[in-house]
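# Structural overview for review
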Amino acid sequence: GRTQAIPVLEAVNLGGCEATLNALAFGVVCSPGAALGVEGDTMGTNRIRFSHQPALPRGFRAAGVAAGIKKGGGPDLALLVSDLAAVAAATFTTNQVRAASVRLCEERRAAGKPARAVVINSGCANACTGPRGRRDAVRMALLTAKRLEVPAEAVWVCSTGRIGTFLRMEAV
C-alpha cells in the first residue's frame, strides 16, 4: 500500500526553538529552490539573496506580526501551523530554571499527542514569573487554539526575551 508522510513539527531547546521559528515566521529562511537565489559571476563570488517569503513544507503555514510585546515595535509574535495533526519532537534545556513555556511544552511532549501549532513571542521570556507565567503560557495556547479551532493541547508555546518580566497578554 501507499504510505502517507506524517508532518513533523520540531522544536529544539528554548533558544534554538525561537531562532528557528522566528526565522520561519519573519521571512528569513533560505532553503533550496524558490527561496534561494544565487547571483554573481563565474569566479566563485556568488552572493545569496533571501526571499521575503518563508519556504515551508506543504501543509504548513507561518505568520509573524508586530503585536506590541517587544519594545521598539519590531516583529514579536509568530505562529507556525500544521494543517494536519503533526508528530512533535523536542529537546529542552537541562537547566533547573525553565520558563513556563518550556515546562508546558515538556508536558505536551510527554503526553505524546499530536501538535497543530507553535505560537512564539519575543521580547519576554516568561521565565522566573511563577504561577502567573504558567497561566500566561496556558492562556497563550488557549487563545491560539480558539483562533485556529484546534485543541489547546495541540498548541505549543515558545517565549524568548527579558527574564523576570510578565508577558503583556493584551498584546497577544
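Now for a quick tour of the structure. (Residues numbered from 1 in each chain as written. Predicted model: local features only at pLDDT ≥ 70, side-chain atom pairs only at ≥ 80, totals over all residues. Heavy atoms only, no water.)

## Thoughts on the nonpolar core
- Residues Ile 69, Val 119, Met 140, Val 155, Val 157 and Leu 167 are the most contacted members of the largest nonpolar core, which totals 19 residues.
- When residues of this core are traced back to their parent elements, those giving at least two are strand 5 (77-90), helix 2 (100-111), strand 6 (115-124), helix 3 (130-148) and strand 7 (155-162).
- For this core, the element with the most residues is helix 3, which contributes four residues.
- Val 119 has contacts with Leu 77, Ala 78, Leu 79, Met 140, Thr 144, Val 155, Trp 156, Val 157 and Cys 158, leaving out every residue within four places of it along the chain.
- Counting residues in each nonpolar core, the second largest holds 13 residues, with Ala 78, Ala 90, Trp 156 and Cys 158 among its members. (Core = buried A, V, L, I, M, F, W, Y, C linked by side-chain atoms within 4.5 Å. Buried < 20%, exposed > 50% of the residue type's maximum accessible area, 1.4 Å probe, protein only. Helix = DSSP H or I, 4+ residues; strand = E, 2+ residues; numbered from the N terminus. Contact = heavy atoms within 4.5 Å.)

## Focus: helix 3
- With 19 residues, helix 3 should reach 27 Å at 1.5 Å per residue; the first-to-last C-alpha distance of 28 Å fits that figure.
- Residues of helix 3 that are buried in the fold lie against strand 5, helix 2, strand 6 and strand 7.
- Trailing helix 3 by a residue or two, Glu 149 shows a phi angle of about 60 degrees, which is positive. (Expected span 1.5 Å × (residues − 1).)

## With respect to unusual backbone geometry
- The residue Asn 126 is not glycine, and still its phi comes out positive at about 55 degrees.
- The residue Asn 126 is located in the loop between strand 6 and helix 3 in this model.
- For Asn 126, a relative accessible area of 1% corresponds to the buried category.
- Of note, the phi angle at Cys 128 is positive, near 60 degrees, even though the residue is not glycine.
- Here Cys 128 lies in the loop between strand 6 and helix 3.
- The class of Cys 128 is exposed, set by a relative accessible area of 55%.

This is a description of form; function is not addressed.
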